[in-house]
Amino acid sequence: MKNFIPFFAILFCLIFFSCSSSVKKDETVQKSQASAADTSTTISKTYKSAAGDESGFNMNFTAFVKGGKVFITFNEDKMREFTKSMDFENFDGKPPYELQGLQGKCKNLTIADIGQDVNPVIAMVLDNGSIQILDVFNAIHYRDLMCSPCLPDLKNISSVKGGEGDGYMTIYAYDSAGNKSEVTEYADLGSFSEIDLNAPNGAHIALRLSPDWKITCKSESSGHIEIYKGCFMGADYLEDLKPQTYSYTLFSQITDGKLKKINMKGSFTLQKSNDVPDNSFIMPVSGLTFGCKKGGKISFTSE
């Protein structure tokens, strides 16, 4: 019997290492398959534009998810025709274009109009249940593929879908319990064109508040140009003459062409004028001063 012990021991070792090798091989195959699945196109949505629309936007486009990232693609000739008619510049390079600033992996998305007119918006659900959006017209106009910040009032979202509001089109976000909330864009002062502020210090300041909650402030003074970019939050629309305060976070500062990453927080108040119907006011609270002292205000004409 003693002569058989080494044989069984050797046989056991051979079987053990063979099984271990098989398990490791299976794990490697599974990881490889998972990696391949992670980079495949998992979700694709196409926006079909209405022919003869007054906006002139007669172009279908598609947004798709690949590896948790979101891309947008469209017919180059159609895009070139549209941007030329609107005197916009084209995106650099060729489609598909990757959307920037996602704060997680996208697991679901939709494209639908928000408002009473043609206004395609991409709404994206992240793996942490947050929502980010991209206003497509704004992206084309300003060659800006940066997504909005995570919308603060929408949590634990599992899906998004276009639908009808009270006389307008919108996008609804559904949480894990099936409750729905509206996805809102900013639609007031500075959302359709830049606000030109004639600052008291003589600088020319242009403020841009995009519908998808991004802020850009450009200041020109004595031959120097400063551009700040970030995101902002607050009410989507001003209520009559009631002042509304907005908070923001600035991520970048470009001074005479030199880029610097920053993290500046601040706030300002917007208010429509009671005396002159077309006039409005901006009042800095913290952060950027817009060329005036804290507690002061700058008047501008609303288009």
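To keep things clear, this report deals only with the structure shown in the data block. (Residues numbered from 1 in each chain as written. Predicted model: local features only at pLDDT ≥ 70, side-chain atom pairs only at ≥ 80, totals over all residues. Heavy atoms only, no water.)

## Considerations on the sheet that holds strand β5 (residues 106–113)
Next, step 1: Pairing is antiparallel across the open sheet formed by three strands, whose spatial order is β5-β6-β7. The open sheet has two edge strands with one neighbour each: β5 and β7 (131–135). The average angle at which neighbouring strand axes cross in this sheet is 20°, direction not considered.
Next, step 2: Summarising the sheet, β5 and strand β6 (residues 120–126) pair through seven bridges and their orientation is antiparallel. Considered in β6, the bridge of Cys-106 is made with Leu-126. (Pairing = 2+ DSSP bridges. Helix = DSSP H or I, 4+ residues; strand = E, 2+ residues; numbered from the N terminus. Axes fitted to C-alpha atoms, helices over the stretch in contact; angles between N-to-C directions.)

## Some thoughts on the nonpolar core
Next, step 1: Ranked by size, the top nonpolar core spans 42 residues in total, and within it Ile-131, Phe-268, Leu-270, Ile-282 and Phe-290 carry the most contacts.
Next, step 2: Once residues lying within four places of it in the same chain are set aside, the contact partners of Ile-131 are Met-124, Val-125, Pro-149, Cys-150, Leu-151, Leu-154, Ile-157, Val-160 and Ala-173.
Next, step 3: Core analysis: the next-biggest nonpolar cluster, separate from the first, contains 28 residues, Phe-57, Ala-63, Val-65 and Met-79 among them. (Core = buried A, V, L, I, M, F, W, Y, C linked by side-chain atoms within 4.5 Å. Buried < 20%, exposed > 50% of the residue type's maximum accessible area, 1.4 Å probe, protein only. Contact = heavy atoms within 4.5 Å.)

## Description of empty space enclosed by the protein
Next, step 1: Evaluated as defined, the whole model comprises one cavity of 30 Å³ or more.
Next, step 2: If you add up the space inside the largest cavity, you get close to 40 Å³.
Next, step 3: For the lining of the largest cavity, the secondary-structure elements that each account for two or more residues are β3 (69–74) and α3 (136–142).
Next, step 4: The biggest single contributor to the lining of the largest cavity is α3, with three residues.
Next, step 5: The class makeup of the residues in the lining of the largest cavity is nine nonpolar, no polar and no charged. (1 Å grid on protein atoms, 1.4 Å probe; cavity = no way out; pocket = protein on both sides within 12 Å on 5 of 7 lines; lining within 4 Å. Points joined across faces, edges and corners; volume = space filled by probe spheres on them. Nonpolar A, V, L, I, M, F, W, Y, C, P; charged D, E, K, R; others polar.)

## Some points on the pattern of salt bridges
A pair can form between side chains of opposite charge whenever their charged atoms are brought close.
Next, step 1: According to the stated counting rule, one finds eight salt bridges in the structure shown.
Next, step 2: The salt bridge involving Glu-89 is made with Arg-143; its shortest N-O contact spans 3.3 Å. One end of the pair, Glu-89, is in the loop between α2 (76–86) and β4 (97–98); the other, Arg-143, is in the loop between α3 and β8 (157–164), with 54 residues separating them in the sequence.
Next, step 3: Residue Glu-89 is classed as exposed on the basis of its relative accessible area, which comes to 52%.
Next, step 4: For Arg-143, a relative accessible area of 36% puts it in the partly exposed group.
Next, step 5: The residue Lys-214 makes a salt bridge to Asp-212 at a minimum N-O spacing of 3.2 Å. In this pair, the class of Lys-214 matches that of Asp-212, namely buried. (Salt bridge = Lys/Arg side-chain N within 4 Å of Asp/Glu carboxyl O.)

## Quick look at the packing of aromatic side chains
Next, step 1: Following the criterion strictly, the structure yields 18 aromatic pairs and no others.
Next, step 2: For the ring pair Phe-64 and Phe-71, a centre distance of 5.4 Å and an interplane angle of 15° mean the geometry is stacked. Both residues of the pair, Phe-64 and Phe-71, belong to the buried class.
Next, step 3: Where Tyr-186 meets Trp-213, the ring centres are 5.8 Å apart and the plane angle is 55°; that geometry is what we call tilted. Of this pair, Tyr-186 sits in the loop between β10 (180–183) and β11 (195–198) while Trp-213 sits in the loop between β12 (204–209) and β13 (214–221), placing them 27 residues apart in sequence. Exposure class is identical for Tyr-186 and Trp-213. Each is buried.
Next, step 4: One aromatic cluster is present, built from ring pairs that chain together Tyr-186, Trp-213, Phe-232, Tyr-246, Tyr-248, Phe-268 and Phe-290. (Phe/Tyr/Trp six-rings, centres within 6.5 Å; stacked < 30°, edge-to-face > 60°.)

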